[in-house]
Amino acid sequence: MPMTAEDARAHITRLLLERTAQDEARRKEALRDYLDVTQASTDRAASEALAGLIPALMPALYAKWIGLFADRLLETVPLAQIELVCDGSAENAAALTLAYVMFLESARMERQIDEDLAALGAGAAAEGQDPALADMAASYIRARLGVLAEKTKKQ
């Protein structure tokens, strides 16, 4: 039975969300490592505030960017070809992830990511949160995207 565009979009979204998702323990460990490397003067209260901020942000931003990728892929590539890379194999999962990383590195998406991360800081300030925490969250998200890119390129 041929795959529909909705099936392909769901497969791509599920695959890429799994690649970007972290469980709570891994998220805290990665965040702690990131803060240790980049924010040596960060105090415990700031780290805990940031940890509370990031989980709500990352899934929504990743889902948005993955949705933009899936939409663009479905607009530009024939469904029969997309169906080939949605077969569930590790090789094709890596190919889709690499295509996603390349999409994120495009000039269009770099602007979109910058806009979304700037809106994150503005939204934090509007909600009475410390904009510096939102800036740290944005830096963390950029670092996570970099890690995803490096892992994918090594595969």
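Up top is the structure.
Residue indices begin from 1 for each chain and proceed along its sequence in written order. Totals for whole chains, interfaces and linings use all residues, but because this is a predicted model, local features are given only for residues with pLDDT of at least 70 and pairs of side-chain atoms are given and counted only at 80 or more. Each side-chain value is worked out from all heavy atoms of the structure, with water and hydrogens disregarded.

Undergrad: Would you explain the pattern of salt bridges in this entry?
TA: Two side chains that carry opposite charge are able to pair once their charged atoms sit near each other. Each salt bridge in this description consists of a side-chain nitrogen of Lys or Arg and a carboxyl oxygen of Asp or Glu lying within 4 Å of one another. Evaluation of the coordinates by the stated rule reveals three salt bridges. When the shortest N-O distance is used, the salt bridge between Lys64 and Asp116 registers 2.8 Å. One end of the pair, Lys64, is in helix H3 (residues 44–76); the other, Asp116, is in helix H6 (residues 107–126), and 52 residues separate them in sequence. The class for Lys64 is partly exposed, based on a relative accessible area of 38%. In this structure, Arg72 and Glu75 form a salt bridge, with 3.2 Å as the shortest nitrogen-oxygen distance. Separated by three residues within a single helix, Arg72 and Glu75 lie in helix H3, roughly one turn from each other. Any residue under 20% of the maximum accessible area for its type is buried, any over 50% is exposed, and the rest in between are partly exposed; the area is computed with a 1.4 Å probe on protein chains only. Taking relative accessible area as the criterion, Glu75 reaches 58% and is therefore assigned exposed. Counting from the N terminus, the helices are DSSP H or I runs at least four residues long and the strands are E runs at least two residues long.

Undergrad: I keep staring at the side chain of Asn92 and nothing clicks. Help me out?
TA: Positionally, Asn92 belongs in helix H5 (residues 90–104). Polar contact criterion, stated in full: a pair of N or O atoms within 3.5 Å, where within protein one must be able to donate a hydrogen and the other to accept it, and residues adjacent in sequence count only if both atoms are side-chain atoms. There is a polar contact of 3.0 Å between the side chain of Asn92 and the side chain of Asp87. The contact criterion used is simple: two residues touch if any of their non-hydrogen atoms lie within 4.5 Å. Not counting chain neighbours up to four residues away, the residues in contact with Asn92 comprise Leu84, Val85 and Asp87.

Geometric descriptors of this kind do not, in isolation, establish any biological role.
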